[in-house]
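# Per-entry structural report
Residue-level listing of the chains:
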Amino acid sequence: MKIVMLGAPGAGKGTQAKMIAAKYGIPHVSTGDIFRANIKNGTELGKEAKSYMDKGALVPDELTVRILLDRVAQDDCAKGYVLDGFPRTIPQAEVLDAELTKLNDKIDFAINVDVPDENIVRRMSGRRSCPSCGATYHIVHIPPKQEGVCDKCGAALVQRDDDKEETVKNRLKVYHEQTQPLIDFYEKKGVLQNVDGTVDSEEVFAAIVKILG
Ligand code: AP5
Ligand code: MG
Ligand code: ZN
């Protein structure tokens, strides 16, 4: 099963993709997470990606596509995967489509997690994530059991560098200009599914499970 998650920054793509990955036994592939891991490890790729991410801009397609195709060529992706944060531009979607077509394959579901802009800035300012295991929380909606501490591994939670209000506003602008057209792209392919992302994350997940079966 090959799934693409669509939605604005902060819509809950990562939250849902992790739940899908756990239930269906497929890897969660997030280009944002790959870039953040590289930043943390101080790689050349991380340095380049950071210069774009800190502004809320997109990392260039050429670089992003190379990284994603490398990742999905690994053995654990053979049965399928859930892509989170990729594709993000029409050219990225076209390359992915062409690569899958070569393998006589395709994306089965594009799940659009729909959340209006008004909700987004509030969500982002409350997001905390675990630098050690990648778990994500929200200080009000999805709080950890103990404030500032990861439930899963006990590490201290951090706020993402690009979750500052000004950066979030730019990420939203970039989303509307470059990523939202993908909703049409996947609709035309007949694989688009919309879910309401404003409800509780467990309810969003129940709607997704209904779609995936
Ligand atoms: P990326 O990491 O992909 O960030 P994003 O798309 O901006 O999305 P987020 O991770 O911020 O949000 P999310 O939808 O995953 O929401 P989450 O589940 O965390 O990309 C970061 C940057 O990397 C980009 O700006 C770009 O520079 C670069 N990049 C990455 N991929 C790229 C690509 N393909 N091409 C070019 N550049 C690329 O939830 C958000 C918060 O809400 C959390 O606190 C969560 O706990 C809470 N929450 C979740 N669900 C609910 C709910 N139902 N109700 C209430 N709260 C909820
Ligand atoms: Mg995410
Ligand atoms: Zn953790």
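Rules and cut-offs
- Residues numbered from 1 in each chain as written.
- Chains lettered and ligands numbered in written order.
- Predicted model: local features only at pLDDT ≥ 70, side-chain atom pairs only at ≥ 80, totals over all residues.
- Heavy atoms only, no water.
- 1 Å grid on protein atoms, 1.4 Å probe; cavity = no way out; pocket = protein on both sides within 12 Å on 5 of 7 lines; lining within 4 Å.
- Points joined across faces, edges and corners; volume = space filled by probe spheres on them.
- Helix = DSSP H or I, 4+ residues; strand = E, 2+ residues; numbered from the N terminus.
- Nonpolar A, V, L, I, M, F, W, Y, C, P; charged D, E, K, R; others polar.
- Buried < 20%, exposed > 50% of the residue type's maximum accessible area, 1.4 Å probe, protein only.
- Phe/Tyr/Trp six-rings, centres within 6.5 Å; stacked < 30°, edge-to-face > 60°.
- Donors = N, O, S within 2.8 Å, 3.2 Å for Na, K, Ca; no water.
- Tetrahedral: all angles 85-135°; square planar, octahedral: opposite > 155°, others 65-115°.
- Pairing = 2+ DSSP bridges.

### Description of the layout of surface pockets
Counted as a void, the second largest pocket has a volume near 250 Å³. Lining the second largest pocket, in full, are Thr15, Lys18, Met19, Ala135, Thr136, Tyr137, Ile142, Lys152, Ser201 and Glu202. Contributing elements (two or more residues each) for the lining of the second largest pocket: helix 1 (13-24), strand 6 (136-138) and helix 9 (201-212). Of the residues that constitute the lining of the second largest pocket, the class distribution is four nonpolar, three polar and three charged.

### Details of unusual backbone geometry
Geometrically, the link from Phe86 to Pro87 is a cis peptide bond, its omega value of -10° lying close to zero. Turning to its location among the elements, Pro87 is positioned in the loop between strand 3 (81-84) and helix 5 (90-102). With phi around 60°, Asn104 is a residue other than glycine that occupies positive phi space. By the element assignment, Asn104 lies in the loop between helix 5 and strand 4 (109-114). For Asn104, a relative accessible area of 78% gives the class exposed.

### Brief notes about the packing of aromatic side chains
What characterises a pair of aromatic rings is the spacing of the ring centres plus the angle enclosed by the ring planes. Summed over the entire model, instances satisfying the criterion amount to one aromatic pair. Plain terms: the ring middles of Phe185 and Tyr186 are 5.0 Å apart, the flat faces sit at 75° to each other, and that makes the pair edge-to-face. Like Tyr186, Phe185 is buried.

### Digging into the coordination of the zinc ion (ligand 3)
Coordination of the zinc ion (ligand 3) by the protein comes from Cys130 (SG), Cys133 (SG), Cys150 (SG) and Cys153 (SG), over a distance range of 2.3 to 2.4 Å. For the zinc ion (ligand 3), the four donor atoms are set out with angles of 99 to 117° between them, so the coordination reads as tetrahedral. For the zinc ion (ligand 3), the donor residues sit on a single chain with the sequence spacing C-x2-C-x16-C-x2-C. Given a relative accessible area of 3%, Cys150 falls into the buried group. The class for Cys153 is partly exposed, based on a relative accessible area of 38%.

### Let's talk about the pairing of strand 3
Every other side chain in a regular strand lies on the same face of the sheet, so the side chains alternate between the two faces. Covered by surrounding structure in strand 3 are Tyr81 and Leu83 together with Val82 and Asp84, the residues of both alternating faces. Pairing geometry for strand 1 (residues 2-6) and strand 3, over four bridges, is parallel. Residue pairing in the sheet places Val4 in a bridge with Leu83 of strand 3. Taken together, the three bridges between strand 2 (residues 28-30) and strand 3 define a ladder with parallel strand orientation. From the neighbouring strand, Ser30 faces strand 3, where its bridge partner is Asp84.

Remember, this is a structural readout, not a statement about activity or role.
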